[in-house]
Amino acid sequence: MAKTFDLIVVGGGAAGATCAGRLAAQNPTLSIALLEAGPSDRHPLVRVPFGLIWLMGSQRDWAYRTVPQTSLGGRCISVPRGKMLGGSASMNSMVWFRGRADDYDHWGPGWGWDDVRPHFEAVEEQMRPAPLRDPHPLSAALEQVHGGPPTPETVSSGPFIVNIKNGQRRSPVDAFLRGTNVHVLKGQHARKLTLTNGRIQGVETCGGDKIMARAGVVLSAGTIGTPQILMQSGLGPANMLRNTGITLQHDIPGVGANLHDHPAVAVHHERRGSGRGLTFAQLPLWALAPFQWLVSGRGPLASNTVEAGAFLSGKDGVAPQFQVHFVPTRIGYGKRAIGFGAGYYADVCLMQPRSRGSMTLGTDGAVQIDLGLLSNRDDRVKLREGLCALRALLRAAPFGQRSAPEVFPATGDDTAAVDAHIDARLGTAYHPVGTCAIGAVVGHDLAVRGIRGLWVADASVMPRITSANTNAPSIMIGHRAARLITQQIKAK
(Lines give C-alpha, C1' and ligand atoms only; values in the text may rest on other atoms or scores of the structure.)
Protein backbone atom coordinates (compact mmCIF):
# COMPACT_ATOMS: atom_id res chain seq x y z
CA MET A 1 0.00 0.00 0.00
CA ALA A 2 1.38 3.42 -0.97
CA LYS A 3 2.42 5.78 1.78
CA THR A 4 0.54 9.08 1.82
CA PHE A 5 1.56 12.47 3.19
CA ASP A 6 0.20 15.96 2.86
CA LEU A 7 3.41 17.32 1.34
CA ILE A 8 6.48 15.64 -0.12
CA VAL A 9 9.82 17.43 -0.46
CA VAL A 10 12.14 15.65 -2.91
CA GLY A 11 15.79 16.22 -2.04
CA GLY A 12 17.36 16.89 1.34
CA GLY A 13 20.03 19.38 0.27
CA ALA A 14 20.55 22.99 1.30
CA ALA A 15 17.18 24.21 0.05
CA GLY A 16 15.22 21.00 0.59
CA ALA A 17 16.22 20.46 4.21
CA THR A 18 15.47 24.10 4.98
CA CYS A 19 12.16 24.08 3.14
CA ALA A 20 10.95 20.85 4.76
CA GLY A 21 11.88 22.03 8.24
CA ARG A 22 10.21 25.40 7.79
CA LEU A 23 7.09 23.84 6.25
CA ALA A 24 6.78 21.62 9.31
CA ALA A 25 7.19 24.60 11.64
CA GLN A 26 4.59 26.67 9.78
CA ASN A 27 2.11 23.80 9.26
CA PRO A 28 2.22 21.64 12.41
CA THR A 29 -0.96 19.75 11.47
CA LEU A 30 0.35 18.60 8.09
CA SER A 31 2.32 15.41 7.52
CA ILE A 32 5.50 16.17 5.57
CA ALA A 33 7.92 13.68 4.04
CA LEU A 34 11.45 14.41 2.87
CA LEU A 35 12.84 11.98 0.30
CA GLU A 36 16.64 11.80 0.09
CA ALA A 37 18.36 9.55 -2.43
CA GLY A 38 21.53 9.24 -0.38
CA PRO A 39 22.38 8.21 3.18
CA SER A 40 22.52 10.18 6.41
CA ASP A 41 24.95 13.05 6.93
CA ARG A 42 26.10 11.51 10.22
CA HIS A 43 29.59 10.65 9.05
CA PRO A 44 32.97 11.84 10.38
CA LEU A 45 34.05 13.26 7.01
CA VAL A 46 30.91 15.43 6.98
CA ARG A 47 31.41 16.71 10.51
CA VAL A 48 35.14 17.40 10.06
CA PRO A 49 35.49 20.51 7.83
CA PHE A 50 38.71 19.29 6.17
CA GLY A 51 36.98 16.00 5.37
CA LEU A 52 35.40 17.45 2.27
CA ILE A 53 38.51 16.62 0.22
CA TRP A 54 37.76 12.91 0.75
CA LEU A 55 34.01 13.25 0.16
CA MET A 56 34.55 14.44 -3.42
CA GLY A 57 34.27 11.37 -5.64
CA SER A 58 33.01 9.15 -2.81
CA GLN A 59 29.69 7.31 -2.61
CA ARG A 60 28.25 10.50 -1.14
CA ASP A 61 28.91 12.35 -4.40
CA TRP A 62 26.75 12.04 -7.53
CA ALA A 63 30.05 12.61 -9.39
CA TYR A 64 28.48 13.95 -12.56
CA ARG A 65 30.54 14.90 -15.59
CA THR A 66 29.70 17.20 -18.43
CA VAL A 67 29.54 16.30 -22.07
CA PRO A 68 32.66 17.41 -24.00
CA GLN A 69 32.96 21.20 -23.78
CA THR A 70 33.37 22.61 -27.28
CA SER A 71 35.19 25.77 -26.17
CA LEU A 72 37.69 23.75 -24.12
CA GLY A 73 38.92 21.38 -26.80
CA GLY A 74 36.35 18.71 -25.98
CA ARG A 75 37.30 18.26 -22.32
CA CYS A 76 34.69 16.89 -19.90
CA ILE A 77 34.39 18.72 -16.57
CA SER A 78 33.62 17.27 -13.15
CA VAL A 79 30.33 18.34 -11.57
CA PRO A 80 30.38 17.05 -7.98
CA ARG A 81 27.03 17.16 -6.14
CA GLY A 82 26.29 15.89 -2.65
CA LYS A 83 24.36 12.63 -2.40
CA MET A 84 23.36 12.53 1.26
CA LEU A 85 21.23 14.41 3.72
CA GLY A 86 22.34 18.01 3.39
CA GLY A 87 23.27 17.47 -0.26
CA SER A 88 26.14 19.62 -1.42
CA ALA A 89 25.86 21.59 1.85
CA SER A 90 27.30 18.47 3.49
CA MET A 91 30.42 18.39 1.29
CA ASN A 92 31.09 22.02 0.40
CA SER A 93 33.69 24.43 1.75
CA MET A 94 31.15 26.10 4.08
CA VAL A 95 31.85 29.59 2.67
CA TRP A 96 29.03 32.04 3.40
CA PHE A 97 28.01 34.86 1.05
CA ARG A 98 24.60 36.31 0.29
CA GLY A 99 25.82 37.58 -3.07
CA ARG A 100 25.48 41.20 -4.14
CA ALA A 101 22.28 43.09 -3.35
CA ASP A 102 21.83 43.98 -7.01
CA ASP A 103 22.05 40.30 -8.05
CA TYR A 104 18.41 39.98 -7.04
CA ASP A 105 17.30 42.82 -9.33
CA HIS A 106 17.47 40.20 -12.09
CA TRP A 107 15.20 37.68 -10.38
CA GLY A 108 11.90 39.45 -11.03
CA PRO A 109 9.03 40.70 -8.84
CA GLY A 110 8.97 39.34 -5.33
CA TRP A 111 12.66 38.43 -5.39
CA GLY A 112 14.37 41.81 -5.08
CA TRP A 113 16.86 42.55 -2.32
CA ASP A 114 14.19 43.95 0.01
CA ASP A 115 12.20 40.72 -0.47
CA VAL A 116 15.03 38.27 0.19
CA ARG A 117 16.96 40.15 2.87
CA PRO A 118 14.57 39.23 5.73
CA HIS A 119 14.98 35.58 4.80
CA PHE A 120 18.76 35.84 4.82
CA GLU A 121 18.54 37.43 8.27
CA ALA A 122 16.25 34.68 9.55
CA VAL A 123 18.49 31.97 8.06
CA GLU A 124 21.60 33.48 9.60
CA GLU A 125 19.98 33.56 13.04
CA GLN A 126 19.87 29.76 12.82
CA MET A 127 23.00 29.01 10.79
CA ARG A 128 25.16 31.52 12.71
CA PRO A 129 27.93 31.98 10.13
CA ALA A 130 31.06 33.54 11.62
CA PRO A 131 34.68 34.38 10.71
CA LEU A 132 36.86 31.32 10.35
CA ARG A 133 38.54 30.54 13.64
CA ASP A 134 42.34 30.17 13.50
CA PRO A 135 42.96 30.80 9.79
CA HIS A 136 46.38 29.82 8.49
CA PRO A 137 48.90 32.72 8.54
CA LEU A 138 48.82 32.80 4.74
CA SER A 139 45.04 33.22 4.78
CA ALA A 140 45.20 35.92 7.43
CA ALA A 141 47.84 37.82 5.45
CA LEU A 142 45.51 38.28 2.47
CA GLU A 143 43.44 40.78 4.45
CA GLN A 144 46.33 43.24 4.36
CA VAL A 145 46.11 43.56 0.56
CA HIS A 146 42.65 45.08 0.13
CA GLY A 147 41.09 44.95 3.59
CA GLY A 148 38.38 42.60 4.72
CA PRO A 149 36.33 40.71 5.43
CA PRO A 150 35.74 39.88 1.75
CA THR A 151 32.47 41.02 0.23
CA PRO A 152 31.31 40.93 -3.39
CA GLU A 153 30.07 44.48 -2.99
CA THR A 154 33.59 45.93 -3.09
CA VAL A 155 37.23 45.08 -3.79
CA SER A 156 38.30 43.24 -0.64
CA SER A 157 40.30 40.27 0.61
CA GLY A 158 40.96 38.10 3.65
CA PRO A 159 39.60 35.07 5.54
CA PHE A 160 36.03 34.05 4.71
CA ILE A 161 32.89 33.90 6.82
CA VAL A 162 31.92 30.22 7.23
CA ASN A 163 29.16 28.05 8.67
CA ILE A 164 31.32 26.17 11.16
CA LYS A 165 30.52 25.86 14.85
CA ASN A 166 33.08 24.68 17.41
CA GLY A 167 35.22 23.27 14.63
CA GLN A 168 32.39 21.27 13.06
CA ARG A 169 30.34 21.78 9.89
CA ARG A 170 26.97 23.36 10.62
CA SER A 171 24.56 22.56 7.82
CA PRO A 172 20.90 23.47 7.19
CA VAL A 173 20.04 19.95 8.34
CA ASP A 174 21.35 20.93 11.78
CA ALA A 175 19.73 24.35 11.70
CA PHE A 176 16.28 23.59 10.28
CA LEU A 177 15.51 19.88 9.96
CA ARG A 178 16.68 18.06 13.07
CA GLY A 179 14.11 17.98 15.83
CA THR A 180 11.13 18.54 13.53
CA ASN A 181 8.31 16.12 12.81
CA VAL A 182 9.35 15.74 9.16
CA HIS A 183 9.39 12.10 8.03
CA VAL A 184 12.90 11.75 6.56
CA LEU A 185 13.06 8.84 4.13
CA LYS A 186 16.70 8.15 3.20
CA GLY A 187 17.76 6.00 0.26
CA GLN A 188 14.64 6.99 -1.66
CA HIS A 189 15.71 8.09 -5.12
CA ALA A 190 12.78 9.79 -6.85
CA ARG A 191 12.43 8.68 -10.48
CA LYS A 192 9.37 10.59 -11.60
CA LEU A 193 6.22 12.34 -10.52
CA THR A 194 2.77 10.86 -10.92
CA LEU A 195 0.06 13.20 -12.15
CA THR A 196 -3.52 13.13 -13.33
CA ASN A 197 -5.18 15.83 -15.42
CA GLY A 198 -2.38 18.29 -14.74
CA ARG A 199 -2.30 17.74 -10.98
CA ILE A 200 0.53 16.07 -9.10
CA GLN A 201 -0.49 12.94 -7.20
CA GLY A 202 2.85 11.86 -5.76
CA VAL A 203 6.30 10.42 -6.44
CA GLU A 204 7.49 7.11 -7.83
CA THR A 205 10.98 6.03 -6.71
CA CYS A 206 13.64 4.14 -8.63
CA GLY A 207 12.84 1.18 -6.40
CA GLY A 208 9.23 1.18 -7.58
CA ASP A 209 7.70 2.61 -4.39
CA LYS A 210 4.82 5.05 -4.78
CA ILE A 211 4.49 7.84 -2.24
CA MET A 212 1.36 9.95 -2.50
CA ALA A 213 0.88 13.64 -1.69
CA ARG A 214 -2.46 15.22 -0.80
CA ALA A 215 -1.41 18.86 -1.16
CA GLY A 216 1.55 18.58 -3.50
CA VAL A 217 5.24 18.01 -4.10
CA VAL A 218 8.24 20.32 -3.73
CA LEU A 219 11.18 19.47 -5.98
CA SER A 220 14.48 20.33 -4.27
CA ALA A 221 16.72 17.82 -6.01
CA GLY A 222 19.14 20.47 -7.24
CA THR A 223 20.10 22.04 -10.53
CA ILE A 224 20.71 18.64 -12.13
CA GLY A 225 18.26 16.41 -10.25
CA THR A 226 15.19 18.64 -10.39
CA PRO A 227 15.01 19.05 -14.20
CA GLN A 228 15.89 15.36 -14.56
CA ILE A 229 12.84 14.35 -12.49
CA LEU A 230 10.62 16.78 -14.37
CA MET A 231 11.76 15.42 -17.73
CA GLN A 232 11.36 11.80 -16.64
CA SER A 233 7.81 12.75 -15.65
CA GLY A 234 7.03 14.10 -19.11
CA LEU A 235 7.36 17.74 -18.04
CA GLY A 236 9.86 19.59 -20.20
CA PRO A 237 10.77 20.52 -23.79
CA ALA A 238 8.42 18.61 -26.10
CA ASN A 239 10.91 17.79 -28.87
CA MET A 240 13.59 16.53 -26.51
CA LEU A 241 11.15 14.33 -24.60
CA ARG A 242 9.78 12.80 -27.80
CA ASN A 243 13.31 11.90 -28.86
CA THR A 244 13.81 10.00 -25.61
CA GLY A 245 10.54 8.11 -25.89
CA ILE A 246 9.04 9.77 -22.81
CA THR A 247 5.33 10.51 -23.02
CA LEU A 248 4.81 14.27 -23.00
CA GLN A 249 2.57 15.44 -20.16
CA HIS A 250 3.14 19.18 -20.48
CA ASP A 251 5.46 21.18 -22.73
CA ILE A 252 7.74 23.37 -20.57
CA PRO A 253 10.56 24.56 -22.88
CA GLY A 254 12.61 26.19 -20.10
CA VAL A 255 13.23 22.98 -18.17
CA GLY A 256 16.96 22.24 -18.33
CA ALA A 257 17.85 25.49 -20.11
CA ASN A 258 19.87 28.41 -18.69
CA LEU A 259 22.43 26.14 -16.98
CA HIS A 260 25.47 28.09 -15.83
CA ASP A 261 28.21 28.10 -13.21
CA HIS A 262 31.17 30.20 -12.14
CA PRO A 263 34.04 29.27 -14.50
CA ALA A 264 37.34 29.10 -12.61
CA VAL A 265 41.03 28.71 -13.35
CA ALA A 266 43.79 28.15 -10.80
CA VAL A 267 47.48 28.57 -10.06
CA HIS A 268 49.65 26.43 -7.78
CA HIS A 269 52.52 27.61 -5.55
CA GLU A 270 54.93 25.29 -3.78
CA ARG A 271 57.90 25.64 -1.45
CA ARG A 272 58.95 24.04 1.80
CA GLY A 273 57.88 26.18 4.75
CA SER A 274 55.01 27.88 2.93
CA GLY A 275 51.55 26.34 3.32
CA ARG A 276 50.25 23.06 4.65
CA GLY A 277 51.21 19.81 3.00
CA LEU A 278 52.81 16.43 3.40
CA THR A 279 56.39 17.04 4.46
CA PHE A 280 58.64 15.48 7.08
CA ALA A 281 58.50 18.70 9.09
CA GLN A 282 54.67 18.64 9.14
CA LEU A 283 54.25 14.95 9.97
CA PRO A 284 53.78 15.66 13.71
CA LEU A 285 51.14 18.30 12.86
CA TRP A 286 49.10 15.82 10.84
CA ALA A 287 49.66 12.94 13.27
CA LEU A 288 48.23 15.00 16.13
CA ALA A 289 45.48 16.62 14.03
CA PRO A 290 42.70 14.07 14.75
CA PHE A 291 43.28 14.26 18.50
CA GLN A 292 43.48 18.06 18.42
CA TRP A 293 40.19 18.26 16.55
CA LEU A 294 38.45 15.77 18.84
CA VAL A 295 39.59 17.56 22.00
CA SER A 296 39.28 21.21 20.99
CA GLY A 297 37.73 21.45 17.54
CA ARG A 298 40.90 23.16 16.31
CA GLY A 299 43.89 22.38 14.17
CA PRO A 300 44.25 21.66 10.45
CA LEU A 301 41.20 19.38 10.33
CA ALA A 302 39.05 22.34 11.45
CA SER A 303 40.03 24.16 8.27
CA ASN A 304 37.35 24.43 5.59
CA THR A 305 40.21 24.23 3.03
CA VAL A 306 39.02 27.35 1.15
CA GLU A 307 39.93 29.57 4.07
CA ALA A 308 40.21 32.94 2.36
CA GLY A 309 39.92 34.82 -0.89
CA ALA A 310 39.17 38.10 -2.51
CA PHE A 311 36.86 40.06 -4.79
CA LEU A 312 38.73 41.85 -7.53
CA SER A 313 37.81 44.27 -10.30
CA GLY A 314 38.92 44.08 -13.92
CA LYS A 315 40.76 46.58 -16.06
CA ASP A 316 37.89 49.04 -15.94
CA GLY A 317 38.30 49.30 -12.17
CA VAL A 318 34.57 49.24 -11.37
CA ALA A 319 32.73 46.85 -9.06
CA PRO A 320 34.29 43.42 -8.47
CA GLN A 321 34.02 41.01 -11.38
CA PHE A 322 36.14 38.16 -10.02
CA GLN A 323 36.15 36.02 -6.90
CA VAL A 324 39.31 34.36 -5.63
CA HIS A 325 39.30 31.18 -3.55
CA PHE A 326 42.50 30.64 -1.58
CA VAL A 327 43.58 27.29 -0.07
CA PRO A 328 46.69 27.46 2.18
CA THR A 329 47.45 23.82 1.43
CA ARG A 330 49.30 22.14 -1.39
CA ILE A 331 46.91 20.74 -3.99
CA GLY A 332 48.63 18.80 -6.72
CA TYR A 333 48.24 19.69 -10.36
CA GLY A 334 49.05 16.23 -11.69
CA LYS A 335 47.10 13.02 -11.34
CA ARG A 336 47.35 13.06 -7.54
CA ALA A 337 45.60 15.86 -5.68
CA ILE A 338 47.45 15.01 -2.48
CA GLY A 339 51.19 14.44 -2.80
CA PHE A 340 54.43 15.16 -0.99
CA GLY A 341 55.29 18.82 -0.58
CA ALA A 342 53.96 22.09 0.87
CA GLY A 343 52.36 25.07 -0.78
CA TYR A 344 49.17 26.93 -1.53
CA TYR A 345 46.55 27.08 -4.25
CA ALA A 346 44.25 29.81 -5.53
CA ASP A 347 41.66 30.02 -8.25
CA VAL A 348 39.82 32.95 -9.79
CA CYS A 349 36.27 32.69 -11.08
CA LEU A 350 34.11 34.98 -13.16
CA MET A 351 31.26 36.21 -10.99
CA GLN A 352 28.79 36.91 -13.80
CA PRO A 353 29.50 34.68 -16.81
CA ARG A 354 27.53 35.26 -19.99
CA SER A 355 27.81 31.69 -21.24
CA ARG A 356 24.85 29.38 -20.87
CA GLY A 357 24.42 25.65 -21.28
CA SER A 358 21.70 23.07 -20.73
CA MET A 359 20.76 19.86 -18.95
CA THR A 360 18.96 17.37 -21.17
CA LEU A 361 18.32 13.65 -21.44
CA GLY A 362 20.01 11.58 -24.12
CA THR A 363 18.12 9.15 -26.33
CA ASP A 364 19.03 6.47 -23.77
CA GLY A 365 17.55 8.58 -20.97
CA ALA A 366 20.95 9.41 -19.45
CA VAL A 367 21.64 12.87 -18.08
CA GLN A 368 23.51 15.14 -20.52
CA ILE A 369 25.13 18.10 -18.73
CA ASP A 370 26.47 20.86 -20.97
CA LEU A 371 27.70 23.84 -18.96
CA GLY A 372 28.50 25.69 -22.17
CA LEU A 373 31.70 26.98 -20.59
CA LEU A 374 33.20 29.93 -22.49
CA SER A 375 30.62 29.57 -25.26
CA ASN A 376 30.38 33.35 -25.02
CA ARG A 377 33.83 34.66 -26.01
CA ASP A 378 33.58 37.59 -23.58
CA ASP A 379 33.98 35.10 -20.72
CA ARG A 380 37.38 34.02 -22.01
CA VAL A 381 38.52 37.64 -22.33
CA LYS A 382 37.39 38.33 -18.78
CA LEU A 383 39.07 35.22 -17.40
CA ARG A 384 42.37 36.34 -18.90
CA GLU A 385 41.96 39.55 -16.89
CA GLY A 386 41.01 37.54 -13.84
CA LEU A 387 44.10 35.36 -13.96
CA CYS A 388 46.30 38.45 -14.19
CA ALA A 389 44.43 39.99 -11.24
CA LEU A 390 44.89 36.78 -9.22
CA ARG A 391 48.61 36.72 -9.83
CA ALA A 392 48.88 40.40 -8.86
CA LEU A 393 47.02 39.67 -5.62
CA LEU A 394 49.38 36.83 -4.72
CA ARG A 395 52.43 38.96 -5.51
CA ALA A 396 51.11 41.77 -3.31
CA ALA A 397 50.19 39.54 -0.35
CA PRO A 398 52.62 39.98 2.57
CA PHE A 399 53.38 36.28 2.91
CA GLY A 400 56.95 36.95 4.07
CA GLN A 401 59.04 33.82 4.50
CA ARG A 402 56.01 31.70 3.64
CA SER A 403 55.92 33.05 0.10
CA ALA A 404 56.37 30.40 -2.59
CA PRO A 405 56.87 30.56 -6.35
CA GLU A 406 54.19 29.64 -8.84
CA VAL A 407 55.01 26.15 -10.07
CA PHE A 408 51.98 25.62 -12.31
CA PRO A 409 51.33 26.82 -14.92
CA ALA A 410 54.21 29.30 -14.33
CA THR A 411 54.02 30.51 -17.93
CA GLY A 412 53.33 34.23 -17.57
CA ASP A 413 50.44 36.46 -18.58
CA ASP A 414 50.78 36.53 -22.36
CA THR A 415 47.53 35.71 -24.15
CA ALA A 416 48.67 32.47 -25.79
CA ALA A 417 49.98 31.02 -22.53
CA VAL A 418 46.90 32.03 -20.57
CA ASP A 419 44.56 30.60 -23.22
CA ALA A 420 46.47 27.32 -23.24
CA HIS A 421 46.14 27.09 -19.46
CA ILE A 422 42.43 27.88 -19.62
CA ASP A 423 41.84 25.27 -22.32
CA ALA A 424 43.73 22.61 -20.35
CA ARG A 425 42.58 23.40 -16.82
CA LEU A 426 39.43 25.52 -16.66
CA GLY A 427 36.86 24.11 -14.26
CA THR A 428 34.09 25.61 -12.19
CA ALA A 429 33.48 26.70 -8.62
CA TYR A 430 30.87 23.90 -8.35
CA HIS A 431 27.93 26.34 -8.30
CA PRO A 432 25.54 25.10 -11.03
CA VAL A 433 22.25 27.02 -11.19
CA GLY A 434 19.39 28.06 -13.42
CA THR A 435 17.74 25.02 -15.03
CA CYS A 436 14.21 25.75 -13.73
CA ALA A 437 14.44 29.52 -13.68
CA ILE A 438 11.92 31.88 -12.15
CA GLY A 439 9.95 33.40 -15.01
CA ALA A 440 10.62 30.48 -17.36
CA VAL A 441 9.68 27.27 -15.54
CA VAL A 442 8.25 28.50 -12.25
CA GLY A 443 6.36 31.65 -11.37
CA HIS A 444 7.51 34.07 -8.73
CA ASP A 445 5.60 31.91 -6.23
CA LEU A 446 7.85 28.95 -7.26
CA ALA A 447 4.85 26.99 -8.60
CA VAL A 448 5.59 25.10 -11.82
CA ARG A 449 3.64 26.72 -14.62
CA GLY A 450 0.72 24.72 -15.94
CA ILE A 451 0.88 22.05 -13.22
CA ARG A 452 -1.09 22.06 -9.98
CA GLY A 453 0.45 20.98 -6.71
CA LEU A 454 4.08 21.26 -7.81
CA TRP A 455 6.79 23.68 -6.71
CA VAL A 456 10.55 23.97 -7.16
CA ALA A 457 12.82 25.20 -4.37
CA ASP A 458 16.56 24.96 -5.01
CA ALA A 459 19.35 26.67 -6.97
CA SER A 460 17.74 25.64 -10.26
CA VAL A 461 15.25 28.53 -9.90
CA MET A 462 17.98 31.20 -10.03
CA PRO A 463 17.50 33.10 -13.32
CA ARG A 464 21.01 34.48 -12.87
CA ILE A 465 23.77 33.24 -10.59
CA THR A 466 24.70 35.21 -7.50
CA SER A 467 28.08 36.93 -7.42
CA ALA A 468 29.73 34.54 -4.94
CA ASN A 469 29.26 31.08 -3.44
CA THR A 470 25.68 29.85 -3.86
CA ASN A 471 25.13 27.89 -0.63
CA ALA A 472 23.61 30.73 1.41
CA PRO A 473 21.28 31.84 -1.43
CA SER A 474 20.11 28.24 -1.85
CA ILE A 475 19.22 28.03 1.83
CA MET A 476 17.44 31.39 1.52
CA ILE A 477 15.41 30.01 -1.40
CA GLY A 478 14.32 27.04 0.72
CA HIS A 479 13.36 29.35 3.57
CA ARG A 480 11.36 31.68 1.34
CA ALA A 481 9.76 28.76 -0.50
CA ALA A 482 8.26 27.42 2.72
CA ARG A 483 6.44 30.71 3.29
CA LEU A 484 5.25 30.98 -0.31
CA ILE A 485 4.01 27.37 -0.39
CA THR A 486 2.27 27.73 2.96
CA GLN A 487 0.44 30.81 1.68
CA GLN A 488 -0.73 28.95 -1.42
CA ILE A 489 -1.88 25.91 0.53
CA LYS A 490 -3.83 28.00 3.02
CA ALA A 491 -5.42 30.03 0.25
CA LYS A 492 -7.10 26.92 -1.20
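Preceding this paragraph is the structure being described.
Residues numbered from 1 in each chain as written. Predicted model: local features only at pLDDT ≥ 70, side-chain atom pairs only at ≥ 80, totals over all residues. Heavy atoms only, no water.

Details of the overall build of the protein
When helices and strands are tallied, the protein shows 13 helices and 25 strands. A compact globule built from 492 residues would reach a C-alpha radius of gyration of about 23 Å, and the protein, at 22 Å, matches this within 12%. Considering only C-alpha atoms, the protein reaches an extent of 70 × 50 × 40 Å along its principal axes. Every one of the 492 residues in the protein was classed for burial, and the buried ones make up 59%. (Helix = DSSP H or I, 4+ residues; strand = E, 2+ residues; numbered from the N terminus. Rg over C-alpha atoms; globule rule 2.2 N^0.38 Å. Buried < 20%, exposed > 50% of the residue type's maximum accessible area, 1.4 Å probe, protein only.)

Focus: a nonpolar patch on the surface
Together, Ile 53, Trp 54, Leu 278, Phe 280, Leu 283, Ile 338 and Phe 340 make up a nonpolar patch on the protein surface, roughly 710 Å² of accessible area in all. The topology assignment puts Leu 278 in strand E17 (residues 277–278). (Patch = residues over 30% accessible without salt bridge, like charges linked within 9 Å, V, L, I, M, F, W, Y side chains within 5 Å. Areas by Shrake-Rupley, 256 points an atom, 1.4 Å probe, with all protein chains shown as cover. Salt bridge = Lys/Arg side-chain N within 4 Å of Asp/Glu carboxyl O.)

Considering the packing of helix H4 (residues 113–127) against helix H13 (residues 471–491)
One way to put it is that H4 packs onto H13 with a least axis distance of 9 Å and a crossing angle of 105 degrees. One element, H4, and the other, H13, form an angle in the roughly perpendicular class. Along its contact with H4, which presents Asp 115, Val 116, His 119, Phe 120, Ala 122, Val 123 and Met 127, the element H13 presents Ala 472, Pro 473, Ile 475, Met 476, His 479, Arg 480 and Arg 483. (Axes fitted to C-alpha atoms, helices over the stretch in contact; angles between N-to-C directions. Parallel < 35°, antiparallel > 145°, perpendicular 65-115°, else oblique. Contact = heavy atoms within 4.5 Å.)

Quick word on the nonpolar core
As a rule of thumb, soluble globular proteins bury nonpolar side chains together. Counting 117 residues, the largest nonpolar core has Leu 193, Val 217 and Leu 454 as the members making the most contacts within it. At 9 residues, H13 tops the list of elements feeding residues into this core. Setting aside residues up to four positions removed in sequence, Leu 454 forms contacts with Leu 193, Ile 200, Val 217, Leu 219, Leu 230, Leu 235, Leu 446, Ala 447 and Val 448. (Core = buried A, V, L, I, M, F, W, Y, C linked by side-chain atoms within 4.5 Å.)

Examining the pairing of strand E22 (residues 367–370)
Pairing geometry for strand E21 (residues 358–361) and E22, over 4 bridges, is antiparallel. Opposite Ser 358, over in E22, you have Asp 370 as the bridge partner. What sits between the antiparallel neighbours E21 and E22 is a turn of 5 residues, in which Gly 365 has the positive phi angle 85 degrees. (Pairing = 2+ DSSP bridges.)

Thoughts on the packing of helix H1 (residues 14–26) against H13
Where H1 meets H13, the closest approach of the two axes is 8 Å, and the angle between their N-to-C directions is 35 degrees. Taken as a pair, H1 and H13 cross one another with a handedness that is right-handed. Each of Ala 14, Ala 15, Thr 18, Cys 19, Arg 22, Leu 23 and Gln 26 in H1 lies in contact with H13, whose residues at this interface are Asn 471, Ser 474, Ile 475, Gly 478, His 479, Ala 481, Ala 482, Arg 483, Ile 485, Thr 486 and Lys 490. Residue classes in the contact of H1 with H13 are distributed as 8 nonpolar, 7 polar and 3 charged. (Left-handed = near helix turned anticlockwise from the far one by under 90°. Nonpolar A, V, L, I, M, F, W, Y, C, P; charged D, E, K, R; others polar.)

Concerning the side chain of Ser 220
Looking at the element boundaries, Ser 220 is found in the loop between strand E13 (210–219) and helix H8 (222–232). Accessibility expressed as a relative area gives 5% for Ser 220, which makes it buried. Residues contacting Ser 220, with those up to four places away along its chain left out, are Val 9, Val 10, Gly 11, Gly 16, Thr 226, Ala 457 and Asp 458.

Some words on empty space enclosed by the protein
Per the stated rule, a full pass over the model turns up 1 cavity of 30 Å³ or more. Taken together, His 260, Asp 261, Pro 263, Pro 353, Ser 355, Leu 371, Leu 373, Leu 374 and Asp 379 make up the lining of the largest cavity. (1 Å grid on protein atoms, 1.4 Å probe; cavity = no way out; pocket = protein on both sides within 12 Å on 5 of 7 lines; lining within 4 Å. Points joined across faces, edges and corners; volume = space filled by probe spheres on them.)

Describing the packing of aromatic side chains
Counted according to the given criterion, the structure contains 15 aromatic pairs. Relative to Trp 107, the ring of Tyr 104 has its centre 4.8 Å away and its plane inclined at 65 degrees; by these criteria the two rings are edge-to-face. Under the relative-accessibility criterion, Tyr 104 is labelled buried at 0%. Taking relative accessible area as the criterion, Trp 107 reaches 2% and is therefore assigned buried. (Phe/Tyr/Trp six-rings, centres within 6.5 Å; stacked < 30°, edge-to-face > 60°.)

Remarks on the pairing of strand E12 (residues 199–205)
Burial of E12 is extensive: 5 of the 7 residues sit out of reach of the surface. Bridging between E12 and E13 involves 3 bridges; their strand directions are antiparallel. Looking across to E13, one finds that Glu 204 is bridged to Lys 210. The hairpin formed by E12 and E13 contains 4 residues between the paired strands, and Gly 208 there has a positive phi angle of roughly 95 degrees.

Description of the layout of surface pockets
One simple way to see leftover space: roll a probe sized like a water molecule over the atoms. Estimated volume of the second largest pocket: approximately 380 Å³. Together, 29 residues line the second largest pocket, and Asp 134, Arg 276, Gly 299, Pro 300 and Glu 307 are the ones closest to its centre. Of all the secondary structure elements, the ones that give two or more residues to the lining of the second largest pocket are strand E5 (130–131) and helix H10 (283–296). Across the lining of the second largest pocket, the residue classes tally to 10 nonpolar, 12 polar and 7 charged.

With respect to the environment of Thr 466
Summarising the element assignment, Thr 466 is placed in the loop between strand E25 (454–456) and H13. Looking at Thr 466, the relative accessible area reads 0%, which means it is buried. In the structure, Thr 466 is positioned 204 residues away from His 262 in sequence and 9.4 Å away in space, judged by C-alpha atoms. Among all residues touching Thr 466, those that are not within four sequence positions of it are Arg 98, Gly 99, Asp 103, Tyr 104, Trp 107, His 262, Met 351, Gln 352 and Pro 473.

Some words on the pattern of salt bridges
Counted under the stated rule, the structure contains 19 salt bridges. Between Asp 134 and Arg 298 there is a salt bridge, with its nearest N and O atoms 2.3 Å apart. With Asp 134 in the loop between E5 and helix H5 (137–141) and Arg 298 in the loop between H10 and strand E18 (308–312), this residue pair connects regions lying 164 residues apart in the sequence. When its relative accessible area of 45% is taken as the criterion, Asp 134 is described as partly exposed. Since its relative accessible area comes to 31%, Arg 298 is described here as partly exposed. Its salt-bridge partner being Asp 174, residue Arg 178 comes within 3.0 Å of it at the nearest N-O pair. What emerges from the salt-bridge pattern is a single network uniting Asp 41, Arg 47, Asp 174 and Arg 178.

Considerations on unusual backbone geometry
Phi is mostly negative for residues that are not glycine, and the peptide bonds are mostly trans. For the bond from Gly 148 to Pro 149, the omega torsion is 5 degrees, close enough to zero to count as cis. Considering the arrangement of structural elements, one finds Pro 149 in the loop between helix H6 (143–146) and strand E6 (156–159). The omega angle of the peptide bond from Phe 408 to Pro 409 is 5 degrees, so this bond is cis rather than trans. Looking at the element boundaries, Pro 409 is found in the loop between strand E23 (406–408) and helix H12 (415–425). Notably, Asp 134 is not glycine yet its phi reads approximately 60 degrees, a positive angle. Positive phi values are uncommon outside glycine, yet Leu 446 reaches one of about 70 degrees. Structurally, Leu 446 can be placed in the loop between strand E24 (427–428) and E25.

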